[in-house]
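Each chain, written out:
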Amino acid sequence: MTNTNNLTGIGGWLILVAIRIVVAPLSLLFFIVVSLNEIVFSGLLQELSSMDSPYYLSGFLPVYLIEVAINIFFLLLSIYLAYLFFTKNYKTPKIFIINESAYLVFLVIDTLVCTHLFDYYEADIQTIKDIVKSFIACCIWIPYFLISVRVKNTFINGRSNSDIIANQSGLVS
């Protein structure tokens, strides 16, 4: 039988999570920069959002600005999550679960909104893959963060000693 006190630190399956947490802000930043380059700096935003343009799409500008704002929010959240993760803060599991869940919800809602508002838009294979990958990640990592002994033993910094004792006895979730 394994001693559960030995299951601490960023090891085991948490190494995969650590890689994911390091890569997430970088990939979000890359996505935001590419999006700004392809849509804003290329002049496409002006073409799609100007009523005088033959390519005008009603509703495109607010949807795009909301998408950019939400992606910036997720970028900032992923940086905050990385900080919490590597400082082994007790808030890490909760923020991780919120981040994973919210990102999946965002992908689904964004796809539905774009499909509804823009006649030309159909969810492409990449969009479907992104939703499925996010769903699978939620199905794997959320339960892991909820039941893992290593997670419970690792992310304790910033919590008072009485909270730690209560948590170990099962009184605090």
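Throughout what follows, the structure given in this document is the object of discussion.

Thoughts on helix H3 (residues 60-86)
(1) Moving on: The terminal C-alpha atoms of H3, which comprises 27 residues, lie 39 Å apart, in line with the 39 Å expected from a rise of 1.5 Å per residue.
(2) Moving on: Two residues or fewer after H3 comes Lys-88, characterised by a positive phi angle close to 55 degrees.

Section: the packing of aromatic side chains
(1) Moving on: By the definition in use, this model includes 12 aromatic pairs.
(2) Moving on: Their ring planes at 55 degrees and their centres at 6.2 Å tell us that Phe-60 and Phe-118 sit as a pair that is tilted. Residue Phe-60 is located in helix H3, and its partner Phe-118 is located in the loop between helix H4 (92-117) and helix H5 (125-147); the two are separated by 58 residues in the primary sequence. Neither Phe-60 nor Phe-118 differs from the other in exposure class; each is buried.
(3) Moving on: Their ring planes at 40 degrees and their centres at 5.9 Å tell us that Phe-74 and Phe-106 sit as a pair that is tilted. Placement of Phe-74 in helix H3 and of Phe-106 in helix H4 is noted, with a sequence separation of 32 residues between them.
(4) Moving on: Note on Phe-74: relative accessible area 3%, which makes it buried.
(5) Moving on: Here the aromatic cluster, defined as three or more aromatic residues joined through ring pairs, consists of Phe-85, Phe-86, Phe-96, Trp-141, Tyr-144, Phe-145 and Phe-155.

Overview of the packing of H3 against H4
(1) Moving on: Closest axis-to-axis distance for the H3/H4 pair is 10 Å, and the angle between their directions is 165 degrees. With respect to H4, the axis of H3 lies roughly antiparallel. Read as a crossing pair, H3 and H4 show a hand that is left-handed. Note on element contacts: H4 touches H3 through Thr-92, Ile-95, Phe-96, Asn-99, Ala-102, Tyr-103, Phe-106, Asp-110, Val-113, Cys-114 and Leu-117, opposite Val-63, Glu-67, Ile-70, Asn-71, Phe-74, Leu-77, Tyr-80, Leu-81, Leu-84 and Phe-85.

Considering the packing of H4 against H5
(1) Moving on: H5 packs onto H4 with a crossing angle of 160 degrees between their chain directions and a minimal axis gap of 10 Å. Relative to H5, the element H4 lies roughly antiparallel. Crossing hand, H4 versus H5: left-handed. Contact with H4, carried on its side by Thr-92, Pro-93, Phe-96, Ile-97, Glu-100, Ser-101, Tyr-103, Leu-104, Leu-107, Val-108 and Thr-111, involves Thr-127, Asp-130, Ile-131, Ser-134, Phe-135, Ala-137, Cys-138, Trp-141, Ile-142, Phe-145 and Leu-146 of H5 and no other residues of that element.

How each quantity is defined
Residues numbered from 1 in each chain as written. Predicted model: local features only at pLDDT ≥ 70, side-chain atom pairs only at ≥ 80, totals over all residues. Heavy atoms only, no water. Helix = DSSP H or I, 4+ residues; strand = E, 2+ residues; numbered from the N terminus. Expected span 1.5 Å × (residues − 1). Phe/Tyr/Trp six-rings, centres within 6.5 Å; stacked < 30°, edge-to-face > 60°. Buried < 20%, exposed > 50% of the residue type's maximum accessible area, 1.4 Å probe, protein only. Axes fitted to C-alpha atoms, helices over the stretch in contact; angles between N-to-C directions. Parallel < 35°, antiparallel > 145°, perpendicular 65-115°, else oblique. Left-handed = near helix turned anticlockwise from the far one by under 90°. Contact = heavy atoms within 4.5 Å.

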